[in-house]
Amino acid sequence: SAVISQKPSRDICQRGTSLTIQCQVDSQVTMMFWYRQQPGQSLTLIATANQGSEATYESGFVIDKFPISRPNLTFSTLTVSNMSPEDSSIYLCSVTGTTSEYPRNYGYTFGSGTRLTVV
Amino acid sequence: DAKTTQPTSMDCAEGRAANLPCNHSTISGNEYVYWYRQIHSQGPQYIIHGLKNNETNEMASLIITEDRKSSTLILPHATLRDTAVYYCIVSLQTGANNLFFGTGTRLTVIP
């Protein structure tokens, strides 16, 4: 299965600023997703990162607040814009099986997450 | 995607088998049952998945009822490192679907 490197692992940011989170995969993958996990809560899907086109956002999440890029099959970024304390969460990148494994998936792989604190 | 129902929390003695139940009564015929776990401060980790038949790997066993409306994840010999939140998820195995996480079961392995 794929190996994910997610950066930064944690950050403390001032309100009103923006943070870009990177997700680098060691092999080409078919699908990449971004999740948010608020303190003490389960994971909530933000969007599906589509290669070369606009991301597909879930209800309650918008591109202006969470712009996403996916320039190729191994890399994606999530930006948290104009941050407020309510954005303090763990943000996680997830990928499906590598293109060589598709369509047989052995489970989705998650990065270790970015712990964001907005002050 | 079908919804799942899991107990909020469970305890298990170290060395004993941990049996984690999951109800998914609205599962459709082509949806798989996935199990993930999340150890504190880490990303979710894939454990096992299955469609109809029982499955076993090096981590766990998955028992799916004949009507597929419920399943049980079995950790045969629980260790302290198995303390985590366990998520049961129902999803299509197409490689194009995201995963929707419920609240999961918080398993605490007791020494």
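Residues numbered from 1 in each chain as written. Chains lettered and ligands numbered in written order. Predicted model: local features only at pLDDT ≥ 70, side-chain atom pairs only at ≥ 80, totals over all residues. Heavy atoms only, no water.

## Brief notes about the pairing of strand 9 (residues 105–110) of chain B
Residue and element names in this part refer to chain B. The two faces of strand 9 differ: Thr105, Leu107 and Val109 on one face are buried, but Arg106, Thr108 and Ile110 on the other face are not. Where strand 1 (residues 9–13) and strand 9 come together, five bridges link them in parallel fashion. Each bridged residue has a counterpart across the sheet, and for Ser9 the counterpart in strand 9 is Arg106. Pairing of strand 8 (residues 84–92) with strand 9, which is carried by three bridges, proceeds in the antiparallel orientation. By the bridge assignment, Val85 is partnered in strand 9 with Arg106. (Buried < 20%, exposed > 50% of the residue type's maximum accessible area, 1.4 Å probe, protein only. Helix = DSSP H or I, 4+ residues; strand = E, 2+ residues; numbered from the N terminus. Pairing = 2+ DSSP bridges.)

## Quick look at the pattern of salt bridges
When charged atoms on two side chains of opposite charge get close, those side chains can pair. Scanning the model with the defined rule gives two salt bridges over all chains in all. Two residues, Asp87 of chain A and Lys65 of chain A, come together in a salt bridge whose shortest N-O distance is 2.6 Å. Residue Asp87 of chain A is located in the loop between strand 8 (75–80) and strand 9 (89–95), and its partner Lys65 of chain A is located in the loop between strand 6 (56–57) and strand 7 (68–72); the two are separated by 22 residues in the primary sequence. A salt bridge links Arg37 of chain B to Asp82 of chain B, with the shortest nitrogen-to-oxygen separation between them at 2.8 Å. Pair noted here: Arg37 of chain B is in strand 3 (residues 31–38) and Asp82 of chain B is in the loop between strand 7 (70–75) and strand 8, with a separation of 45 residues, a long-range link. Across the pair, exposure class does not vary: Arg37 of chain B and Asp82 of chain B are buried alike. (Salt bridge = Lys/Arg side-chain N within 4 Å of Asp/Glu carboxyl O.)

## Points about the state of the cysteines
All told, the structure shown has two disulfides over all chains when counted by the stated rule. Sulfur-sulfur distance for the disulfide between Cys23 of chain A and Cys93 of chain A comes to 1.9 Å. Of note, the bridge from Cys23 of chain A to Cys93 of chain A carries an S-S torsion of about -60 degrees and is left-handed in sense. Highlighted residues: Cys23 of chain A in strand 3 (residues 19–25) and Cys93 of chain A in strand 9, separated in sequence by 70 residues. Take Cys23 of chain A: its relative accessible area is 0%, and that puts it in the buried class. There is no disulfide at Cys13 of chain A, and the cysteine sulfur nearest it, in Cys23 of chain A, is 18 Å away. Using a relative accessible area of 8% as the deciding quantity, one classes Cys13 of chain A as buried. Sulfur of Cys12 of chain B: no disulfide; nearest cysteine sulfur belongs to Cys22 of chain B and is 18 Å away. (Disulfide = S-S within 2.5 Å.)

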